[in-house]
Amino acid sequence: MRDVTDQETISPGSVLEPHQPHGPSAVGRLLRVVLGALSGLLAAAVSLGFAELVAVAARPEASPVTAVGGAVIDRTPVSLKDYAVRNFGTNDKLVLQLGIVAILALFAFALGVFALRFRRTGCAGVLAFGVIGAVAAWSRPDYHRLDALPSIVGALLGAAALWLLTERLTLRTTPAARLPEQATAPVPQTPTDPTTLTDPTSPSPVEHTTEDDEDTVETPLPRTETPAAEAGPTSRPAFDRRGFVLAAAATAAASAGAGALGRTLNNRRGAVAVASRAAIALPAPASRAAAVPRGADLGIPGLSEFTTPNAKFYRVDTALVVPKIDATTWRLRIHGMGVGKELTLSYDDLLRRDLIERDITLTCVSNQVGGPYVGNARWIGVRLADLLREAGVRPPSRGGKADQLVAHSVDGMAIGSPVETVLDGRDAMLALGMNGEPLPFAHGFPVRMLVPGLYGYVSACKWLHELELTTFDSYDAYWVKRSWSREAPIKTESRIDTPKPFASPKAGRVPVAGVAWAQHRGIDRVQVRVDGGRWQTARLADEDSTDTWRQWLWEWDATPGSHTLEVRATDRDGYTQTDHRVGTVPNGATGWHSVVVSVD
Ligand SMILES: Nc1nc2c(c(=O)[nH]1)N[C@H]1C(S)=C(S)[C@@H](COP(=O)(O)O)O[C@H]1N2
Ligand SMILES: [Mo]
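Explain the sheet that holds strand S16 (residues 550–558) here, please?
A sheet is described by the order of its strands in space; here 4 strands give the open sequence S11-S12-S16-S15, paired in antiparallel fashion. Unpaired on one side and paired on the other, strand S11 (493–498) and strand S15 (539–540) mark the two borders of the sheet. As judged from the 5 bridges shared by S11 and strand S12 (residues 508–517), these two strands associate in the antiparallel manner. When the sheet's bridge partners are listed, Thr498 is paired in S12 with Ala513.

See the structure below:
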């Protein structure tokens, strides 16, 4: 490998550092390696800091860690994603980003040390990381024109920083003539250095130092100007400590400044969206939801509230940065196959329509048996069927050509729902409000889709910006490309909320309670059994609607010892949950939820 190295420029005969007659001391060498690693880290910081700043010009999603993280999410095998969701829950994204930063830091470390010897290749390595970031951004489904820019600019500046820093770490031998006070100092190393005597490949000390003088990569001293150096003794080779400290401080300050400025500017952009949300007053819905029956919430400690507060509502999406959309400039386009009249609607257009208010329980297909990815909220929105009919869409059963409605989000998500289901009379809606406020940003502000009875990944697109009519044959939506089913009605499920697994309640009366759901069919019965015994019928809370979950309660006369509680629900179609356990892929888990407790 031919490259710029502190050694190679000195003597093309390639004298390795340890063989140098006047090599730096062991401590000096170690210090230099540490500072090389630090240079790598600083270069990475410069890259990321400036990328953050440039991302303001593009989008927050285009900052390299986010772009790479997004690309990783897109490519993560379902099994691993399931594992991550199971073990890290909603923190999976944080874990992913920390992982990327950790890997980046390791490479930065290595590149910094590497650049001590092979500076050009080391800097090219930084550029290679920029290419990775750019390609990742480019590969995202929501790629925008400028998304590769932050990675590229960041990498260029990072490479420049690495060059600058490692250059300060170049070993130079100061000619005696230029440092008169050292010229008289004894140089005892030379005769005692065994390597000079035993290593036949080592050039002679004099020859070496002569060439060493030419290791002024930038400002070569003409040989003729340093006659004294050619003959005179030299000091140990050293690097420019002061220059390095200054350069390191400057790069650290620049990267921190750029990063902070980028963050601030990005937040300010978010502030426009926040203000647009704050300015919204949701009008009274034309079609109100009936009040939640008082008996729908049994109010038992440990049991999920009937209405899930927004702050506690589960969140599942691929977005590493929650999109912040300005509602005043947001538009929704409805177009595609069989659309007689394309529609483009603003947020105000939607607000001016008749709004419906409904309680709907949303569930994620990735929810394990007994898992947390289910929540119930009171939503306000526009009836989707009305909009589609205005656009001239007919269901396949009435001769419509399109059987798939694909909802596209601003973050590149594409979620496909059956047109037939959306138009079958259920309360499919474009939701604007959630539990009395405009949608929270994390839950899809300004507008998301909801179809009661379908898992979120085939119905509940957040940050919606386009509805496209097409066929299932001609288009696979995001999750379908990743081995999930095209169509996925929510499976009948039940969950024990209390007692918690491995709880140790006192013997005697123990309330066993939970929720059961079979959206759009309704829950007919819930049964509980202990240690595989006879099924006992639980008391059902009042039903709010068939689109919502239902609480249940069974009073257990608990005896001391370890016990297994199991639950199963039967829906209004007469289907009772099977004990056959299947995983979440491809269309939802099955099996009975069970909880082991040890009664005191
Ligand atoms: N834009 C976008 N919308 C999305 C998703 C996503 O990843 N991106 N995930 C879907 C899935 S899998 C589910 S279960 C629901 C979850 O909605 P919530 O986060 O509001 O609970 O959103 C759906 N809508
Ligand atoms: Mo989901």
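What's the story with the confidence of the model for the chain in this structure? I'm lost.
Low pLDDT means the predicted atomic positions in that stretch should not be read closely. On average, the chain scores 87 in pLDDT, and the residues at 70 or more come to 86%. Counting interchain partners and residues more than four positions distant, the pLDDT-below-50 stretch residues 1–21 has 57 contacts. Across residues 177–232, where pLDDT falls below 50, the model places 57 contacts with residues more than four positions away in sequence or in other chains.

What should I look at first to understand the environment of Val33 in this one?
Note on placement: Val33 falls in helix H2 (residues 26–57). Taking the C-alpha atoms as reference points, Val33 and Phe114, separated by 81 residues in sequence, lie 9.1 Å from one another. Beyond its immediate chain neighbours, meaning those up to four positions away, Val33 contacts Val113 and Leu116.

When you look at the sheet that holds strand S18 (residues 593–599) in this model, what are you seeing that I'm missing?
What holds strands together in a sheet is hydrogen bonding between their backbones, with the strands either parallel or antiparallel. Taken in spatial order, the 4 strands line up as S14-S13-S17-S18 in an open sheet, and their pairing is antiparallel. Taken across any chain shown, the strands that pair with only one partner, and hence form the sheet edges, are strand S14 (536–537) and S18. In this sheet, S14 lies alongside strand S13 (residues 523–530) in antiparallel orientation, the contact comprising 2 bridges. Counterpart to Gln527 in the pairing with S14 is Thr537.

Sorry if this is basic, but what is going on with the pairing of S12 here?
Looking along a regular strand, one sees side chains alternate from face to face of the sheet. Buried residues dominate S12, accounting for 7 of its 10 residues. By the bridge criterion, 9 bridges tie S12 to S16 in an arrangement that is antiparallel. By the bridge assignment for S16, Ala513 is matched with Leu553.

Help me understand the packing of helix H3 (residues 64–75) against helix H6 (residues 119–139) in this model?
Angle between the axes and distance between the axes are the two parameters that describe a pair of packed helices. Look at H3 against H6: their axes get within 8 Å of each other, and the N-to-C directions meet at 55°. Between H3 and H6, the interaxial angle falls into the category oblique. Read as a crossing pair, H3 and H6 show a hand that is left-handed. Across the interface between the two elements, Ala67, Val68, Ala71 and Arg75 from H3 touch Gly133, Ala136, Ala137 and Ser139 from H6.

What is the right way to read the site of ligand 1 from this model?
Near ligand 1 lie 20 residues; those nearest to it are Tyr314, His443, Arg448, Ala460 and Lys462. In this structure, an oxygen atom belonging to ligand 1 sits 3.0 Å away from a main-chain N or O atom of Thr318. In the environment of ligand 1, an oxygen atom lies 2.7 Å from a nitrogen or oxygen atom belonging to the side chain of Arg448. In isolation ligand 1 exposes 530 Å². Once the protein is present, 99% of that is buried. Residue composition of the shell around ligand 1, by class: 11 nonpolar, 4 polar and 5 charged.

Looking at this model, I keep getting lost on H6. Mind explaining?
Under the 1.5 Å per step criterion, the end-to-end length of H6 is 30 Å for 21 residues, consistent within 8% with the ideal 30 Å. Within H6 the residues assigned to the buried category are Arg119, Gly122, Cys123, Gly125, Val126, Gly130, Gly133, Ala134, Ala136 and Ala137.

Can you help me understand the side chain of Gln404 in this one?
By secondary structure assignment, the location of Gln404 is in strand S5 (residues 404–409). In this structure Gln404 comes out as buried when scored by relative accessible area, which is 1%. A distance of 3.1 Å separates a polar side-chain atom of Gln404 from the backbone oxygen of Thr471. The contacts of Gln404, once residues within four sequence positions are left out, are Gly416, Ser417, Val419, Glu468, Leu469, Thr470, Thr471, Phe472, Tyr475 and Ala477.

Would you mind showing me how to read the packing of aromatic side chains here?
Given two aromatic rings, one states the distance between the centres and the angle between the planes to describe the pair. Taken as a whole and assessed by the stated rule, the structure comprises 11 aromatic pairs. Residues Tyr347 and Phe445 carry aromatic rings whose centres are separated by 6.3 Å and whose planes lie at 45° to one another, so their mutual orientation is tilted. Of this pair, Tyr347 sits in helix H14 (residues 347–352) while Phe445 sits in the loop between strand S8 (437–438) and strand S9 (448–450); the two residues are 98 residues apart in sequence, bridging distant segments of the chain. Per residue, the accessibility class of Tyr347 equals that of Phe445, and both read buried. Between Tyr478 and Trp479, the ring centres sit 4.9 Å apart and the planes meet at 80°, which makes this aromatic pair edge-to-face. What links up through ring pairs into an aromatic cluster is the set Phe313, Tyr314, Tyr373 and Trp379. One residue, Lys324, lies across the ring of Phe441, its end atom 5.4 Å from the ring centre.

Definitions and limits used
Residues numbered from 1 in each chain as written. Chains lettered and ligands numbered in written order. Predicted model: local features only at pLDDT ≥ 70, side-chain atom pairs only at ≥ 80, totals over all residues. Heavy atoms only, no water. Pairing = 2+ DSSP bridges. Helix = DSSP H or I, 4+ residues; strand = E, 2+ residues; numbered from the N terminus. pLDDT = per-residue confidence, 0-100. Contact = heavy atoms within 4.5 Å. Buried < 20%, exposed > 50% of the residue type's maximum accessible area, 1.4 Å probe, protein only. Axes fitted to C-alpha atoms, helices over the stretch in contact; angles between N-to-C directions. Parallel < 35°, antiparallel > 145°, perpendicular 65-115°, else oblique. Left-handed = near helix turned anticlockwise from the far one by under 90°. Near = heavy atom within 4 Å. Polar contact = N/O pair within 3.5 Å; in protein donor to acceptor, adjacent residues only side chain to side chain. Areas by Shrake-Rupley, 256 points an atom, 1.4 Å probe, with all protein chains shown as cover. Nonpolar A, V, L, I, M, F, W, Y, C, P; charged D, E, K, R; others polar. Expected span 1.5 Å × (residues − 1). Phe/Tyr/Trp six-rings, centres within 6.5 Å; stacked < 30°, edge-to-face > 60°. Lys NZ or Arg CZ within 6 Å of the ring centre and 35° of its normal.

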